[in-house]
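A closer look at the structure
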Amino acid sequence: TIEVSLLEPGSLGTEVLYNVDHLKDVRCLKIKGKMNDDDWEKVGMMTNLFSLDLSEADVTLIPKSQFNSSLFLHEIILPNTLVEIGDYAFQGSYISTFKFPQTLRRIGFSAFASSSIAGHVILPNSMDFIDNDAFYNCDHMTQIVFPKNLRSIPNRCFYDCNALKSSPLPEGLVSIGEQAFYKASKFNPRLPKTLTSIGWAAFSHCATDSLFIPESLSSWGYEN
């Protein structure tokens, strides 16, 4: 493992090249200190990177498309300073396990779509926003713990998550978007009493044996 302490943002490339001849030679990397866009660009050039430890890195955002379809990256430790995971950040990635920090607030559009994220996924209570398609076609994810502060599950968020089993939806949830759990064939929804709207085909092809409709629900399906 190469361990790098950044004396200033933007110095990652220089520090790493003290240890290897080429950035593509890096397999396991730990980064300490504050990162900027140039540092993230250098990480993207490490095309054979297998493991990345950001536990002591000072970053608030995983940039857009940063690890999209990374062929070799299988392990990552996220920092406790992280606030947002950008659009497409881990789309199609082979990382199966994520421990999300309690500072995380937002997950971007298609951030984990068609990725290998698996098993029991816990989203921290600090989160209050998930964008459309965030976990689209994540067919290895078996259960999810939703943030208590979440008010909306967006369109196609868990589309085709066919291994996802029933998970309690948070009290305080107001809306569920179109096709949110479409083809989540093992998911049996239990709707909270605070829910006001459900989008078109939100639970189509789910394992619904019965459904309690809360009195608060005012919109279901297409809206005129």
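The structure under discussion appears in the preceding block.
Residues numbered from 1 in each chain as written. Predicted model: local features only at pLDDT ≥ 70, side-chain atom pairs only at ≥ 80, totals over all residues. Heavy atoms only, no water.

Right, let's talk about the overall build of the protein chain for a bit. Each helix and strand in the protein chain was counted, giving two helices and 14 strands. Rg of the C-alpha trace for the protein chain: 19 Å, near the compact-globule value of 17 Å for 224 residues, within the 12% margin. If one aligns the C-alpha atoms of the protein chain with their principal axes, the spans along those axes are about 65 × 30 × 25 Å. For the protein chain, the share of sequence-separated contacts (at least 6 apart) that also reach a separation of at least 24 residues comes to 25%. Carbon and sulfur atoms make up 48% of the accessible area of the protein chain, which amounts to about 10,800 Å² in all. (Helix = DSSP H or I, 4+ residues; strand = E, 2+ residues; numbered from the N terminus. Rg over C-alpha atoms; globule rule 2.2 N^0.38 Å. Contact = heavy atoms within 4.5 Å. Areas by Shrake-Rupley, 256 points an atom, 1.4 Å probe, with all protein chains shown as cover.)

What follows concerns the nonpolar core. Grouped together as the largest cluster of nonpolar side chains are 66 residues, with contacts concentrated most on Phe-90, Phe-112, Phe-135, Phe-158 and Phe-181. At the level of elements, β1 (2-5), α1 (12-16), β2 (28-34), α2 (37-44), β3 (51-58) and β10 (140-145) are the ones that each hand at least two residues to this core. Looking at this core, the element that brings in the most residues is β3, giving three residues. Each residue touching Phe-181, except ones within four places of it in the same chain, is listed here: Phe-146, Ile-153, Phe-158, Leu-164, Leu-169, Ile-176, Phe-187, Ala-202, Phe-203, Ser-204 and Cys-206. (Core = buried A, V, L, I, M, F, W, Y, C linked by side-chain atoms within 4.5 Å. Buried < 20%, exposed > 50% of the residue type's maximum accessible area, 1.4 Å probe, protein only.)

This part is about the environment of Pro-214. Secondary-structure assignment places Pro-214 in the loop between β13 (197-198) and β14 (219-220). Its relative accessible area of 4% is what places Pro-214 among the buried residues. Sequence separation between Pro-214 and Leu-52 is 162 residues, and the spatial gap between their C-alpha atoms is 45 Å. Not counting residues up to four positions away in its chain, the partners in contact with Pro-214 are Leu-191, Pro-192, Lys-193 and Leu-195.

By way of backbone hydrogen bonds, the strands of a sheet pair with one another, either parallel or antiparallel. Taking strand neighbours across the sheet as the criterion, the four strands line up as β11-β12-β13-β14 in an open arrangement whose pairing is parallel. Bordering the open sheet on either side are β11 (152-153) and β14, each of which pairs with just one other strand. Two elements, strand β12 (residues 175-176) and β13, share two bridges in a ladder whose sense is parallel. From the neighbouring strand, Ile-176 faces β13, where its bridge partner is Ile-198. (Pairing = 2+ DSSP bridges.)

Okay, the pattern of salt bridges next. By the definition in use, this model includes seven salt bridges. Close ionic contact of Glu-56 with Lys-30 constitutes a salt bridge, the shortest N to O distance being 2.8 Å. Placement of the pair is Glu-56 in strand β3 and Lys-30 in strand β2, with a sequence separation of 26 residues. Looking at Glu-56, the relative accessible area reads 41%, which means it is partly exposed. For Arg-156, the salt bridge is made with Asp-133, and the minimal N-O distance between the two is 2.7 Å. Of this pair, Arg-156 sits in the loop between β11 and β12 while Asp-133 sits in the loop between β9 (129-130) and β10, and the two are 23 residues apart along the sequence. (Salt bridge = Lys/Arg side-chain N within 4 Å of Asp/Glu carboxyl O.)

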